[in-house]
Amino acid sequence: MRRRNFLAAAGALAMTEAGAQFRIEVSGVGLTRIPIAVFAWKGEEALTGRISAVVRADLERSGQFKMIETDAAVLDETSTIDAQKWRQRQADALLVGSVTRLSDGRMDVRARLWDVVSGMDRGGQNMVVGPGQLRLAAHKIADDVYQKLTGVRGVFSTRIAYVSRTSGRHQLWVADADGENAQSALSSPEPIISPNWSPNGQQLAYVSFEAKKPVIYAHDLATGRRRMIASFKGSNSAPAWSPDGRRMAMTLSRDGGSQIFVMDLQTMDVRRLTDSNHIETEPVFSADGLQIYFVSDRGGSPQIYRMPVGGGSAQRVTFQTAYSISPAISPDGKWLAYIARVQGQFRLHVQDLASGMVQSLTETKADESPSFAPNSKLIVYATQHEGAEALMTTTIDGQTKTRLAGQRGDIREPEWGPFLVGV
Amino acid sequence: MSNVVYRVVLAGFFLSLTACGSGVKLNEAEVEDKKGASSALTQSNPATGAQQESKPLPVANVDLNTNADAAKVAVPAAAELVVYFELDSYTLRAQDRATIEAHAKQLSANKNRKLVLEGHTDEQGGREYNLALGQKRADAVRQALRLLGVSEGQIESVSYGEEKPAAQGQGEQSFARNRRVEFKYQGN
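What you see is a predicted model; the values in this text were computed from it and never measured. (Residues numbered from 1 in each chain as written. Chains lettered and ligands numbered in written order. Predicted model: local features only at pLDDT ≥ 70, side-chain atom pairs only at ≥ 80, totals over all residues. Heavy atoms only, no water.)

Peer 1: Can you walk me through the overall build of chain B in this structure?
Peer 2: Secondary structure summary: chain B contains 4 helices and 5 strands in total. Start at the N end of chain B and walk to the C end: the helices and strands fall as α-β-β-α-β-α-β-α-β. Relative to its full complement of 188 residues, chain B shows a buried share of 43%. Within chain B, counting contacts between residues at least 6 apart in sequence, those at least 24 apart form 77% of the total. As displayed, chain B offers around 10,000 Å² of accessible surface, 52% of which is attributable to carbon and sulfur atoms. (Helix = DSSP H or I, 4+ residues; strand = E, 2+ residues; numbered from the N terminus. Buried < 20%, exposed > 50% of the residue type's maximum accessible area, 1.4 Å probe, protein only. Contact = heavy atoms within 4.5 Å. Areas by Shrake-Rupley, 256 points an atom, 1.4 Å probe, with all protein chains shown as cover.)

Peer 1: Would you mind going over the overall build of chain A with me for this structure?
Peer 2: From N to C terminus, chain A includes 3 helices and 31 strands. Its C-alpha radius of gyration of 22 Å places chain A within 12% of the 22 Å reference for a compact globule of 423 residues. Principal-axis analysis of the C-alpha atoms places the extent of chain A at approximately 70 × 50 × 40 Å. By residue count, 58% of the 423 residues in chain A fall in the buried class. Long-range contacts, defined as pairs at least 24 residues apart, comprise 43% of the intrachain contacts of chain A with a sequence gap of at least 6. As displayed, chain A has an accessible area near 16,500 Å², and 47% of this comes from carbon and sulfur atoms. (Rg over C-alpha atoms; globule rule 2.2 N^0.38 Å.)

Peer 1: How do you make sense of the sheet that holds strand 10 (residues 183-188) of chain A when you look at a structure like this?
Peer 2: For sheets, the rule is that strands pair by backbone hydrogen bonds, running either parallel or antiparallel. Here 5 strands make up an open sheet; going across it, the order is 31(A)-8(A)-9(A)-10(A)-1(B) and the pairing mixed. In the strand order of this sheet, the two ends are held by strand 31 (410-416) of chain A together with strand 1 (62-63) of chain B, each with one partner. The pairing of strand 9 (residues 169-176) of chain A with strand 10 of chain A spans 5 bridges and is antiparallel. Residue pairing across strands places Gln-171 of chain A opposite Ser-187 of chain A, the latter belonging to strand 10 of chain A. (Pairing = 2+ DSSP bridges.)

Peer 1: Teacher, can you tell me more about the packing of helix 1 (residues 51-61) of chain A against helix 3 (residues 134-150) of chain A here?
Peer 2: For any two helices packed against each other, the geometry comes down to the angle between their axes and how far apart the axes lie. Residue and element names in this part refer to chain A. It is the contact of helix 1 with helix 3, at a shortest axis distance of 9 Å, that shows an interaxial angle of 45 degrees. When the interaxial angle is binned, helix 1 and helix 3 end up oblique. The two elements helix 1 and helix 3 meet at a crossing, and its hand is right-handed. Listed contacts from helix 3 to Ile-51, Val-54, Val-55, Asp-58 and Leu-59 of helix 1 are Leu-134, Arg-135, Ala-138, His-139, Ile-141, Ala-142 and Val-145. In the contact of helix 1 with helix 3, the residues fall into 9 nonpolar, 1 polar and 2 charged. (Axes fitted to C-alpha atoms, helices over the stretch in contact; angles between N-to-C directions. Parallel < 35°, antiparallel > 145°, perpendicular 65-115°, else oblique. Left-handed = near helix turned anticlockwise from the far one by under 90°. Nonpolar A, V, L, I, M, F, W, Y, C, P; charged D, E, K, R; others polar.)

Peer 1: I tried to follow the sheet that holds strand 20 (residues 291-296) of chain A on my own but got confused; where do I start?
Peer 2: Pairing is antiparallel in the open sheet, where 4 strands are placed in the order 19-20-21-22 (chain A). The sheet is open, and its two borders are formed by strand 19 (280-285) and strand 22 (315-316) of chain A, each paired with just one other strand. As paired elements, strand 20 of chain A and strand 21 (residues 303-308) of chain A share 6 bridges and run antiparallel to each other. The partner of Tyr-293 of chain A across the bridge, within strand 21 of chain A, is Arg-306 of chain A. Here helix 3 (residues 127-147) of chain B sits on the sheet in contact with strand 19 and strand 20 of chain A, set at roughly 145 degrees to strand 19 of chain A.

Peer 1: How should the pairing of strand 8 (residues 159-166) of chain A be read in this particular structure?
Peer 2: Where a strand is regular, its side chains alternate between the two sheet faces. Residues and elements named next belong to chain A. Counted residue by residue, strand 8 has 6 buried out of 8 residues, so it is predominantly covered. Here 8 bridges tie strand 8 to strand 9, and the two strands are oriented antiparallel to one another. Its bridge partner being in strand 9, Ser-164 is matched across the sheet by Gln-171. Between strand 8 and the antiparallel strand that follows it, strand 9, lie 2 residues; Ser-167 among them carries a positive phi value of about 45 degrees.

Peer 1: When you look at helix 2 (residues 97-109) of chain B in this model, what are you seeing that I'm missing?
Peer 2: Residues spaced three or four apart along an α-helix face the same direction, because each turn holds 3.6 residues. For helix 2 of chain B, spanning 13 residues, the distance from its first C-alpha to its last is 18 Å, which sits close to the expected 18 Å at 1.5 Å a residue. For helix 2 of chain B, the complete set of buried residues consists of Thr-99, Ile-100, Glu-101, His-103, Ala-104 and Leu-107 of chain B. (Expected span 1.5 Å × (residues − 1).)

Peer 1: Sorry if this is basic, but what is going on with the packing of aromatic side chains here?
Peer 2: Where two aromatic rings form a pair, the distance of their centres and the angle of their planes describe that pair. Residues and elements named next belong to chain A. Overall, the coordinates contain 8 aromatic pairs over all chains when judged by the stated rule. With 5.5 Å between their ring centres and 80 degrees between their planes, Phe-39 and Trp-86 make a pair best called edge-to-face. With a gap of 47 residues between them, Phe-39 in the loop between strand 3 (34-38) and helix 1 and Trp-86 in helix 2 (residues 83-88) connect regions that are remote in the sequence. Considered together, Phe-39 and Trp-86 belong to a single accessibility category, that of buried residues. Look at Tyr-323 and Phe-346: their rings are 6.0 Å apart centre to centre, the planes differ by 80 degrees, and that puts the pair in the edge-to-face class. With Tyr-323 in the loop between strand 22 and strand 23 (324-329) and Phe-346 in strand 25 (residues 345-352), this residue pair connects regions lying 23 residues apart in the sequence. Among the aromatic residues, those joined into a ring-pair cluster are Phe-65, Tyr-146 and Phe-156. The ring of Phe-419 carries the charged tip of Arg-153 above its face, separated from the ring centre by 3.9 Å. (Phe/Tyr/Trp six-rings, centres within 6.5 Å; stacked < 30°, edge-to-face > 60°. Lys NZ or Arg CZ within 6 Å of the ring centre and 35° of its normal.)

Peer 1: Would you explain the packing of helix 2 of chain B against helix 3 of chain B in this entry?
Peer 2: Residue and element names in this part refer to chain B. Axis separation between helix 2 and helix 3 bottoms out at 9 Å; the angle between their running directions is 60 degrees. Viewed along their axes, helix 2 and helix 3 adopt a mutual orientation that is oblique. Here helix 2 and helix 3 pass one another in a crossing that is right-handed. Contact residues: helix 2 offers Ile-100, His-103, Ala-104 and Leu-107, while helix 3 offers Val-141, Ala-144 and Leu-145. For the contact of helix 2 with helix 3, a count of residues per class yields 6 nonpolar, 1 polar and no charged.

Peer 1: What am I meant to see in the nonpolar core here?
Peer 2: Side chains of nonpolar character tend, in soluble globular proteins, to be buried together. Grouped together as the largest cluster of nonpolar side chains are 28 residues, with contacts concentrated most on Ala-337, Leu-348 and Ile-379 of chain A. When contributions to this core are tallied by element, the ones reaching two or more residues are strand 20, strand 23, strand 24 (335-342), strand 25 and strand 28 (378-385) of chain A together with helix 3 of chain B. The element that contributes the greatest number of residues to this core is strand 24 of chain A, accounting for 5 residues. Discounting residues that sit within four places of it in the chain, Leu-348 of chain A has contacts with Ala-337, Tyr-338, Ile-339, Gln-359, Ser-360, Leu-361, Thr-362, Asp-367, Pro-370, Ile-379, Tyr-381 and Thr-394 of chain A. In this structure, Val-38, Phe-65, Leu-113 and Ala-137 of chain A belong to the second largest nonpolar core, which totals 26 residues. (Core = buried A, V, L, I, M, F, W, Y, C linked by side-chain atoms within 4.5 Å.)

Peer 1: Mind showing me how you'd approach the pattern of salt bridges here?
Peer 2: Pairing is possible between side chains of opposite charge, provided their charged atoms come close. As enumerated under the stated definition, the model contains 34 salt bridges over all chains in all. Among the ionic pairs, Asp-108 of chain A bridges to Arg-110 of chain A, the shortest N-O distance being 2.9 Å. Overall, Asp-108 of chain A belongs to the buried group, its relative accessible area being 10%. Arg-127 of chain B is the salt-bridge partner of Glu-413 of chain A, the closest N and O atoms lying 3.5 Å from each other. You can see Glu-413 of chain A sitting in strand 31 and its partner Arg-127 of chain B sitting in helix 3, one on each of two chains. Take Glu-413 of chain A and Arg-127 of chain B: they sit in the same class, and that class is buried. The network of salt bridges with shared partners includes Glu-368 and Glu-413 of chain A together with Arg-127, Glu-162 and Glu-163 of chain B. (Salt bridge = Lys/Arg side-chain N within 4 Å of Asp/Glu carboxyl O.)

Peer 1: Looking at this structure, I do not really get the pairing of strand 29 (residues 388-395) of chain A. What am I missing?
Peer 2: All names here are of chain A. The buried fraction of strand 29 amounts to 7 of the 8 residues, a majority that puts the element mostly inside the structure. By the bridge criterion, 8 bridges tie strand 28 to strand 29 in an arrangement that is antiparallel. In the sheet register, Tyr-381 faces strand 29, and the bridge partner there is Met-392. Two successive antiparallel strands, strand 28 and strand 29, enclose a turn made up of 2 residues, where Glu-386 displays a positive phi of approximately 50 degrees. Two strands pair when backbone bridges link them, and strand 29 and strand 30 (residues 401-403) are joined in this way by 3 bridges, in the antiparallel orientation. Across the sheet, residue Met-392 finds its bridge partner in strand 30, namely Arg-403. Between strand 29 and strand 30, which pair antiparallel one after the other, the connecting turn spans 5 residues, and Gly-398 there sits at a positive phi close to 80 degrees.

Remember that the coordinates give geometry; whether it matters functionally is a separate question.
This is the structure in structure tokens:
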């Protein structure tokens, strides 16, 4: 089915935020976008970062909101709203707020969401954050707006991990979901690949070549403490944490050839799941933890299969494309994202697991490493954009794609972190 | 077995190493299993700030960059240190047979020498699949060496996938130079 492509009226908007740059490219017109007017936060003009810009960027990146232009009125969370005026301007919702610096330097951030159609107050947000955490406050406000208006939990306060390579130096980064605020977790002269989040968001597993061969580590982000998980003879790669955090699937070549194993993280014992002379790799757990999806070339070219974690025969899952790799399963269990090679080009595809229908989402040719947001509504992936490696997010229907801010150099291997508890 | 028989077996091995080849099942007697010393990971305490307060999530940096040079290792003379592969393939090429035989001779004559075979791919495609493809290539060379009588304990095969290209740049010329297995002799 050919997807119609509309050229965006909005085009590309470049925004500068506190020295960092990010660009939003919105291509295609979404079917249901909630029109919302997001006002400048009263008091934000005095700050180096604009809360309203971060909120607008978050909502636009979701593909489910359309920004309505505000006017010069200075409003905050205590203002009365002229709902009729905003109905006339085609807005369904209105967001206002204020930010005040307290005597101890912390910031008091407030917001209120209005339903313009009914004229009703949809409630407010009220938080005190350190001066360096205005972006986090903005993301939490955006999450609240998103949840109230779509019924789905927002992912703007979540984090992504990715890897960069600059002049032979490799770094593992943890950034906000919009690519900003990246902090370096690991710096190495040798490659790092395949970061994978623990279910509680506190650790990253990854493959490091620091020992001159691929070895799997688990890395506690807050402390920097690392545990060597798998350093068997041969290559150790493709770590995938189970949803309950107790096991890790991985690809080991210790028995000859790349095969899939599951390790009990308490005992460090491994159990072999595949037994073939073919390539078996890229295991990922299903959301319920009962199945493992993986890549196998037992059929002659790589395809994605599924098998029960306890063992048993594998079923092939991908049929529409001749070469299918890098599976990612949405947390709600509905979608399989993967990379297909079509006429030499590597493109992101999404398959509806219930119906088997597949849609190609991009027109780029070197897509890699898809990863779902924890609310199953967005996919982050790596691609080449204007000659450099870049990270993009896309809605599941491919209609809204956004290039993320990132570090300099080649950036790749994005992995979306989970919803966090207590943040 | 005589030299002639070795060559016949080896030729047959090269020919049969196709994508759906029977393969030689290897029983690894030696398994290196390093368990980390710091197996007890600190449990981060969840943020317990006041209801209205949001704590940042810290990330501690670990820096592995050192200035240590790799130890120089004496390499056997008169042997090419790399063999190459076609796209998507892990079949050994006929023209690489002599190289592999030369290494087999060296290893058989020096039972203390240890060899790591590093498999590589070009940059096209996914990193993990390429890691596995590089592994297939390294394993193919290892199996050929074993068929020539080299003992299991002298060889380890690993993969770098697409992560360590020999040639930068796009295009088939560069790609072809990256689809390879390198012979890396270890110290002692």
